[in-house]
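What follows is the residue order along each chain.
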Amino acid sequence: DVKVTQSSRYLVKRTGEKVFLECVQDMDHENMFWYRQDPGLGLRLIYFSYDVKMKEKGDIPEGYSVSREKKERFSLILESASTNQTSMYLCASSLRPRGLPWEQYFGPGTRLTVT
Amino acid sequence: ELKVEQNPLFLSMQEGKNYTIYCNYSTTSDRLYWYRQDPGKSLESLFVLLSNGAVKQEGRLMASLDTKARLSTLHITAAVHDLSATYFCAVDDYGGSQGNLIFGKGTKLSVKP
């Protein structure tokens, strides 16, 4: 079974703090993704990575950065947390080759509250 | 721009009834995915449909794919309360970066006694 784990289920941070969200997958997937989910807005892609040290911006990258130093680990960084970044953050991973399904496997999510 | 539209977005139904959720998409993708999300939880994969005419069933849920119509349906038979959740469909974004999925907004299903 594919397993995607996230470092925290719940996190409370203060405005201006630097926040690290960690995601680890154990299936040797090439692609990893970070989404945020807010009521009424569905899933919005923040960043994704298709290889070590590679990253691409998604739909809402502002205020975020990412790091992928190892294939199994993908980190989301909030450089200076703000209250509008209070949200549920979901990490996912998938295969990349075009001939294979791109089914994404999701982690349990991190509910971040910025006060 | 690739779009994935689900309808309805909200569905309240009684136990024992049947209903269908629709997922329309605007690209020529031949692969479609259905996910379930319980309140406060993450997304769980339900079905992976990989070709035109594909049909998959799990319990009271059945999903099908018509790539010519660019339409997938998720049919619920004799609904029970345990099916209350939000259901998302997603398609491969062949026009974008390899491996991306485009998600619909989700259909929030509430099954009442």
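Preceding this paragraph is the structure being described.
If you're wondering where the values come from, they're calculated on a predicted model, not measured in any experiment.

On to the side chain of B:Ser42. One can find B:Ser42 in the loop between β4 (32–37) and β5 (43–49). What makes B:Ser42 buried here is its relative accessible area of 13%. At 2.4 Å, the side chain of B:Ser42 and the backbone oxygen of A:Gly107 are in polar contact. With near-sequence residues (within four places) excluded, B:Ser42 lies in contact with A:Leu90, A:Phe106, A:Gly107, A:Pro108, A:Gly109, B:Arg36 and B:Gln37.

So, on to the interface of chain A and chain B. Listed per partner, the contact involves 28 residues of chain A and 22 residues of chain B. Buried surface at the junction of chain A and chain B, summed over both partners, amounts to about 2000 Å²; 52% is from carbon and sulfur atoms. In terms of surface lost to chain B, no three residues of chain A exceed A:Arg98, A:Trp102 and A:Glu103, which account for 32% of the buried area on that side. Taken together, the links from chain A to chain B amount to zero salt bridges. Among the elements of the structure, β4 (31–38), β5 (42–49) and β9 (87–94) of chain A are those that each provide at least two residues to the side of chain A that touches chain B. Looking at side-chain class alone, the side of chain A that touches chain B contains 15 nonpolar, eight polar and five charged residues.

All names here are of chain B. Judged by pairing direction, the sheet is antiparallel, and its five strands sit side by side in the order β1-β3-β8-β7-β6 without closing on themselves. For this open sheet the edge positions go to β1 (4–7) and β6 (55–58), each flanked by a neighbour on one side alone. Ignoring which end each strand starts from, the neighbouring axes of this sheet average 15° apart. Here six bridges tie strand β7 (residues 61–66) to strand β8 (residues 71–76), and the two strands are oriented antiparallel to one another. Residue Asp 66 lies in a different strand from β8, and its bridge partner there is Leu 71.

Okay, the packing of aromatic side chains next. Considering all chains together, one arrives at eight aromatic pairs over all chains under this definition. Measuring from centroid to centroid gives 5.7 Å for B:Tyr35 and B:Phe103, while their planes differ by 45°, and the two rings are tilted. With B:Tyr35 in strand β4 and B:Phe103 in strand β10 (residues 101–103), the pair connects residues that are 68 residues apart, well separated along the chain. When sorted by exposure, B:Tyr35 lands in the same class as B:Phe103, which is buried. Here a set of aromatic residues connected by ring pairs shows up, and it is made of A:Phe33, A:Tyr35, A:Phe48, A:Phe106, B:Tyr35 and B:Phe103. Sitting above the plane of the A:Trp102 ring, B:Arg31 keeps its charged end 5.0 Å from the centroid.

Quick notes on the rules
Residues numbered from 1 in each chain as written. Chains lettered and ligands numbered in written order. Predicted model: local features only at pLDDT ≥ 70, side-chain atom pairs only at ≥ 80, totals over all residues. Heavy atoms only, no water. Helix = DSSP H or I, 4+ residues; strand = E, 2+ residues; numbered from the N terminus. Buried < 20%, exposed > 50% of the residue type's maximum accessible area, 1.4 Å probe, protein only. Polar contact = N/O pair within 3.5 Å; in protein donor to acceptor, adjacent residues only side chain to side chain. Contact = heavy atoms within 4.5 Å. Buried area = accessible area lost by both parts, 1.4 Å probe. Salt bridge = Lys/Arg side-chain N within 4 Å of Asp/Glu carboxyl O. Nonpolar A, V, L, I, M, F, W, Y, C, P; charged D, E, K, R; others polar. Pairing = 2+ DSSP bridges. Axes fitted to C-alpha atoms, helices over the stretch in contact; angles between N-to-C directions. Phe/Tyr/Trp six-rings, centres within 6.5 Å; stacked < 30°, edge-to-face > 60°. Lys NZ or Arg CZ within 6 Å of the ring centre and 35° of its normal.

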